[in-house]
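The lines below spell out each chain.
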Amino acid sequence: FVEAIPAVRPARHQKVEIEGRLIAVSNRVARPSEGVSPGGLASALSDALTAQGGTWLGWSGKTIADGTEPDVTATTVDDVVYSLLDLPADDYRGFYEGYANAFLWPVFHGRSDLAVHRPAEFRAYAAVNRAYAEATARIAGPDDLVWVHDYHFLLLGKMLREAGVGSTLGLFLHIPVPEPAAFRAVPEARRLAEALMHFDTIGVQTARDAARLAEAVAGLGEGVVLNRPGVIEVRAFGERVRIKALPIGIDVGALRGELYAPTPPEVRAYLDGLGGRRAILGVDRLDYSKGLPEKLAAFGAFLAADPARADEVVLTQIAPISRGSVSAYAHLRQEVEALAGRINGEFGSLSRHPLQLLTRPYGRRAVAHLMAHADVGLVTPLADGMNLVAKEFVAAQDVDDPGVLVLSRFAGAAEAMEAALVVDPRDADGLASAIERALAMPLRERRERHRALIASVARDDVGHWTTQCLEELIAAG
Ligand code: ADP
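Predicted, not measured: the structure shown is a model, and the values here were computed from it. (Residues numbered from 1 in each chain as written. Predicted model: local features only at pLDDT ≥ 70, side-chain atom pairs only at ≥ 80, totals over all residues. Heavy atoms only, no water.)

Draft legend 1. Quick look at the overall build of the protein chain. Across its full length, the protein chain holds 16 helices and 16 strands. Taken over the C-alpha trace, the protein chain has a radius of gyration of 23 Å; the compact-globule value for 477 residues is 23 Å, and the two agree within 12%. Classification of the 477 residues of the protein chain by burial places 56% in the buried group. Sequence separation of at least 24 residues holds for 77% of the intrachain contacts in the protein chain that already meet a minimum separation of 6. When the accessible surface of the protein chain is summed, it comes to about 19500 Å², and 49% of that surface belongs to carbon and sulfur atoms. Across the protein chain, 50 positive and 61 negative side-chain charges occur, with their mean positions spaced 1 Å apart. (Helix = DSSP H or I, 4+ residues; strand = E, 2+ residues; numbered from the N terminus. Rg over C-alpha atoms; globule rule 2.2 N^0.38 Å. Buried < 20%, exposed > 50% of the residue type's maximum accessible area, 1.4 Å probe, protein only. Contact = heavy atoms within 4.5 Å. Areas by Shrake-Rupley, 256 points an atom, 1.4 Å probe, with all protein chains shown as cover. Lys, Arg positive; Asp, Glu negative; His and termini not counted. Charge placed at Lys NZ, Arg CZ, Asp CG, Glu CD.)

Okay, here's the thing in structure tokens:
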């Protein structure tokens, strides 16, 4: 069984034969020269392009004067062309901070109450999508596969066709799909749905997302939904599109490779300081989709049930500040900090605090080592496309003495991780009981659950995801 876990070999993508070239489009691009270790999506795309060769189109990180034309600079490293766009500052802000992150993100995460809709930001979103369509049209040939990523580019399929691109077009949506009623309530819903129909295939994280997207888009276009084995076909707006659940995975080998490196000194000091207390760990961006107030409230309920527990456990919650310029995030930060202060004030003592809230980012190695030494991982989003932290926590465990994953049923990851302690994060008492159960779980049960979890995390890894996505693009062409 231990053999099933790749030790240090990263799960690199194996080349898939395609006729033309691969063109990946995403907002952010990780260039090898940048030397920073990219996040999940960026490293998956980087692997795919390195294996396949091709072009990666994305934002350069630079904005230019408003009213000027977007500018594209291409550089080639080995077989990969990095085609990077400089975008007018106002357009980029309206597109990224505005329509994408202050409007689409909350709507798609079931928080329409937090969504800020400004027509000018939709116009900026459309302008940026148009700039990407034009840049893609200059390089895409009929045999190429264009692989577009995420909610930043919902209009791109149609705009690519309008720009004369004849390539196969695929979108992968990394975030969850909301209830069809919430989708329909978007002022531009029909326009988005019609534009989505111009992709040949749309990949989503879960079967539930696939069904919801099909229902929303078909409903808006008075179309039909055809359920076929493993794939849904929608016919609407005079077009047809395939929608398929293709859950993203992690690079198990790369994560376990971090554990072969010495424990970073700060983590070592933390572990030494535990002094026999059990470690509960949370690692999330400070985002309202992650259910942080609910998690802290449940931890408060867990302590309230037996205040002596404050000397026996510590919850370390790493929650780096994210999207600080969007107002909902500033409010969330205040709420989480206030709750953390209250819990420590109420249950802490002169010598110990049961909760550590850290709002700065930690490196991948430190996070991997924290995960490996945690007794319990708390992954409790209210909505999440996949949630890679859940998979990373499983991959980081010692197979002989594994920690326990407590996982929200609203994370996409829960669809394939039934062996976790699956919870409804809105139920504070239920979550408090799950923490209790996780801490008390016998070794045998921990091993059994972990064995089932690591089998799926290792099998459905990021290399598998990339291959499946490319095969789906080929099938859709
Ligand atoms: P999201 O993409 O919404 O942030 P995911 O869980 O899918 O959520 O992916 C987050 C990625 O970022 C994971 O690879 C995780 O390890 C990493 N990450 C999240 N929070 C931190 C943190 N505080 N420090 C370092 N890495 C983090």
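Draft legend 2. Quick look at the layout of surface pockets. The space that makes up the second largest pocket amounts to roughly 310 Å³. His109, Gly110, Arg212, Leu382 and Ala383 are the residues nearest the centre of the second largest pocket, which is lined by 15 residues in total. Among the residues making up the lining of the second largest pocket, the classes are represented as 8 nonpolar, 2 polar and 5 charged. (1 Å grid on protein atoms, 1.4 Å probe; cavity = no way out; pocket = protein on both sides within 12 Å on 5 of 7 lines; lining within 4 Å. Points joined across faces, edges and corners; volume = space filled by probe spheres on them. Nonpolar A, V, L, I, M, F, W, Y, C, P; charged D, E, K, R; others polar.)

Draft legend 3. Fine view of empty space enclosed by the protein. On inspection of all chains with the given rule, the structure shows 3 cavities of 30 Å³ or more. In this model, the largest cavity occupies a volume close to 70 Å³. Together, 13 residues line the largest cavity, and Gly403, Val404, Leu405, His450 and Leu453 are the ones closest to its centre. Broken down by secondary-structure element, the contributors of at least two residues to the lining of the largest cavity are α13 (388–396), β15 (404–408) and α15 (443–459).

Draft legend 4. Fine view of the sheet that holds strand β9 (residues 231–236). Strand order in this open sheet of 10 strands is β3-β4-β2-β1-β5-β6-β7-β10-β9-β8, and the pairing throughout is mixed. Because the sheet does not close on itself, it has two edges, and the strands there are β3 (71–77) and β8 (224–228). Taking the axes of each pair of neighbouring strands and ignoring which way they run, one obtains an average angle of 20 degrees across the sheet. One ladder, built from 4 bridges, connects strand β1 (residues 22–25) with strand β5 (residues 145–149); its direction is parallel. Within β5, the position partnered with alanine 24 by the bridge is tryptophan 147. Along the sheet, helix α2 (residues 89–108) makes contact with β2 (54–64) and β4 (80–88), crossing β4 at roughly 100 degrees. Packing against the sheet, helix α16 (residues 462–476) makes contact with β1, β5, β6 (168–172), β7 (201–204) and β10 (239–245), and its axis sits at approximately 125 degrees to β5. (Pairing = 2+ DSSP bridges. Axes fitted to C-alpha atoms, helices over the stretch in contact; angles between N-to-C directions.)

Draft legend 5. Inspection of the site of the ligand at higher detail. Arg285, Lys290, Pro320, Tyr362 and Glu392 are the nearest of the 13 residues found near the ligand. For the ligand, an oxygen atom lies 3.0 Å from a polar atom in the backbone of leucine 388. At 3.3 Å, a backbone N or O of valine 389 approaches an oxygen atom of the ligand. Notes on the ligand: free accessible area 560 Å², of which the protein chains cover 80%. When residues of the shell around the ligand are traced back to their parent elements, those giving at least two are α12 (364–372) and α13. With 3 residues, α13 is the largest single contributor of residues to the shell around the ligand. Across the shell around the ligand, the residue classes tally to 7 nonpolar, 1 polar and 5 charged. (Near = heavy atom within 4 Å. Polar contact = N/O pair within 3.5 Å; in protein donor to acceptor, adjacent residues only side chain to side chain.)

Draft legend 6. Fine view of the sheet that holds strand β16 (residues 421–423). Spatially, β13-β12-β11-β14-β15-β16 is the arrangement adopted by the 6 strands of the open sheet, whose pairing is parallel. Edge strands, defined here as strands with exactly one partner in the open sheet, are β13 (355–358) and β16. Each neighbouring strand pair of the sheet contributes to a mean axis angle of 20 degrees, computed without reference to strand direction. As judged from the 2 bridges shared by strand β11 (residues 278–283) and strand β14 (residues 376–379), these two strands associate in the parallel manner.

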